[in-house]
Amino acid sequence: MNSVANERNWLFDPSHLKLVQQCRRLIQSEFGVKLHLNEDHLAQHLAEYAGKTRSKHLVHTWEALKQRVPELGQIDAAPAAAKTYRGQEIAGSEEEAGGEEARPRKKQVIYRGQVVG
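Residues numbered from 1 in each chain as written. Predicted model: local features only at pLDDT ≥ 70, side-chain atom pairs only at ≥ 80, totals over all residues. Heavy atoms only, no water.

Caption draft 1: Layout of the overall build of the protein chain. A tally of helices and strands in the protein chain yields five helices and four strands. Mapped from its N terminus to its C terminus, the protein chain presents α and β elements in the order α-α-α-α-β-β-α-β-β. Residue pairs at least 24 apart in sequence account for 45% of intrachain contacts in the protein chain once pairs closer than 6 positions are excluded. Put simply, the protein chain shows about 9400 Å² of open surface, and 51% of that area lies on carbon and sulfur atoms. (Helix = DSSP H or I, 4+ residues; strand = E, 2+ residues; numbered from the N terminus. Contact = heavy atoms within 4.5 Å. Areas by Shrake-Rupley, 256 points an atom, 1.4 Å probe, with all protein chains shown as cover.)

Caption draft 2: Highlighting the side chain of T61. Tracing the backbone through its elements, the reader meets T61 in helix 4 (residues 56-68). The residues touching T61, leaving out its near neighbours within four places in the chain, are L19, Q22, C23 and L26.

Caption draft 3: Representation of helix 2 (residues 14-31) within the structure. Compared with an ideal rise of 1.5 Å per residue, which puts 18 residues at 26 Å, helix 2 spans 25 Å between its outermost C-alpha atoms and is within 8% of the ideal. Listing the buried residues of helix 2 in full gives H16, L19, V20, C23, R24 and I27. Around the axis of helix 2, the buried residues are gathered within 140° of arc, so they sit on the same side. Exposed residues lying more than 90 degrees from the buried face of helix 2 are P14, K18, R25 and S29. Immediately downstream of helix 2, the backbone of G32 shows phi near 75°, a positive value. (Expected span 1.5 Å × (residues − 1). Buried < 20%, exposed > 50% of the residue type's maximum accessible area, 1.4 Å probe, protein only. Arc of directions from axis to C-beta.)

Caption draft 4: Broad picture of the confidence of the model for the protein chain. Summing up the model confidence of the protein chain, the mean pLDDT is 80 and the portion of residues at 70 or higher is 77%. Of the regions scoring below 50 in pLDDT, residues 93-97 engages in two contacts with residues more than four places distant in sequence or in other chains. (pLDDT = per-residue confidence, 0-100.)

Caption draft 5: Geometry of the packing of helix 2 against helix 4. Put simply, helix 2 and helix 4 touch, their axes get as near as 10 Å, and they point 155° apart. Classified by the interaxial angle, the pair formed by helix 2 and helix 4 is roughly antiparallel. Handedness of the crossing formed by helix 2 with helix 4: left-handed. In contact with S15, H16, L19, V20, Q22, C23, L26 and I27 of helix 2, helix 4 contributes H57, L58, T61, W62, A64, L65 and R68. For the contact of helix 2 with helix 4, a count of residues per class yields nine nonpolar, five polar and one charged. (Axes fitted to C-alpha atoms, helices over the stretch in contact; angles between N-to-C directions. Parallel < 35°, antiparallel > 145°, perpendicular 65-115°, else oblique. Left-handed = near helix turned anticlockwise from the far one by under 90°. Nonpolar A, V, L, I, M, F, W, Y, C, P; charged D, E, K, R; others polar.)

Caption draft 6: Inspection of unusual backbone geometry at higher detail. Positive phi outside glycine occurs at R112, with the angle close to 50°. Following the sequence through the fold, R112 ends up in the loop between strand 3 (109-111) and strand 4 (114-116).

Caption draft 7: Helix 3 (residues 42-52), seen in detail. Of the positions making up helix 3, those classed as buried are L42, A43, L46, A47, Y49 and A50. Next to the buried residues of helix 3 lie helix 2 and helix 4.

Structure follows, in structure tokens:
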């Protein structure tokens, strides 16, 4: 129990706590997940969501927190999993752009009486 308290000493600093609260707020607004300060792996969860986010503000806030607390620099976010849709992996945006240009459309599409594409 003493080691857990030592790991969280950085939370007692008001400037660090302010950055953590900002991260929590941004994570809740983007992902709908509410992180609690008393969670065992709070720093790990913050790193994971900072790695998944599209928000530059969350990334900058997490980086500022890591610079102020050297112990957090050792925590690595888990590698991002491949994006899936209904159980199938989605190809990257670069591959899709090249793939659509390479293959011709199989049938003619008509929309409201007009030929489309």
